[in-house]
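Read off the chains here:
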Amino acid sequence: MSTDPSFLAPFALAENLAFLTIPQLTEKAEQGKAYSQYRLAYFYEVGKVASPNKEMALAYYQLACKNGEQKACETMGK
């Protein structure tokens, strides 16, 4: 097991994003944070924001991909 504190950085990031409210996640997405855009896209896709909204999901997936989030690009098949 690693004792290097940077080893835990990805887990800390995921944990912090897990506790964001939808408005907080939206704010980060609007600030250009690619991973937040990706998460918000997923929430729109599956209906965690409200009813599923494929148009909003696609818009956020596109933003996230454009901003370098590889998972968003893969989700869209790019």
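Here goes a summary of the coordinates provided. Owing to the predicted nature of the structure, the values given are computational and were not obtained by experimental measurement. The numbering scheme is per chain: residues are counted from 1 as the chain's sequence reads. Totals for whole chains, interfaces and linings use all residues, but because this is a predicted model, local features are given only for residues with pLDDT of at least 70 and pairs of side-chain atoms are given and counted only at 80 or more. Only hydrogens and water are set aside; all other atoms, that is, all heavy atoms of the structure, feed into the side-chain values.

**Side note on the packing of helix 3 (residues 34-46) against helix 4 (residues 54-66)**
Across the interface, helix 3 lies against helix 4 with an axial gap of 8 Å and an inter-helix angle of 160°. Put simply, helix 3 runs roughly antiparallel to helix 4. Relative to helix 4, helix 3 is oriented so that their crossing is left-handed. On the side of helix 3, the interface is formed by Ala34, Gln37, Tyr38, Leu40, Ala41, Tyr42, Tyr44 and Glu45, while helix 4 contributes Lys54, Met56, Ala57, Tyr60, Tyr61, Leu63 and Ala64. All axes are obtained by fitting lines to C-alpha atoms, using only the stretch in contact for helices, and the reported angles, taken between N-to-C directions, cover 0 to 180 degrees. Secondary structure counts use DSSP, requiring at least four H or I residues in a row for a helix and at least two E residues in a row for a strand, with both numbered from the N terminus. Should an angle fall under 35 degrees it is taken as roughly parallel, and over 145 as roughly antiparallel, whereas 65 to 115 is taken as roughly perpendicular and any remaining angle as oblique. When the near helix sits turned anticlockwise from the far one by under a right angle, the crossing is termed left-handed; a clockwise turn instead gives a right-handed crossing. It only takes one pair of heavy atoms within 4.5 Å for two residues to be counted as in contact.

**Some points on the packing of aromatic side chains**
In summary, the pairing rule links any two rings of Phe, Tyr or Trp, Trp by its six-membered ring, whose centres are within 6.5 Å, and it sorts them by plane angle into stacked for under 30 degrees, edge-to-face for over 60 and tilted for everything else. Applying the stated rule across the entire model yields four aromatic pairs. Where Tyr38 meets Tyr61, the ring centres are 6.0 Å apart and the plane angle is 55°; that geometry is what we call tilted. Of the two residues, Tyr38 is situated in helix 3 and Tyr61 in helix 4; the sequence distance between them amounts to 23 residues. The class of Tyr38 is buried, set by a relative accessible area of 15%. Chaining the aromatic ring pairs together yields one cluster made of Tyr35, Tyr38 and Tyr61. We call a residue buried when its accessible area falls under 20% of the maximum for its residue type, exposed when it is over 50%, and partly exposed in between, using a 1.4 Å probe and counting protein chains only.

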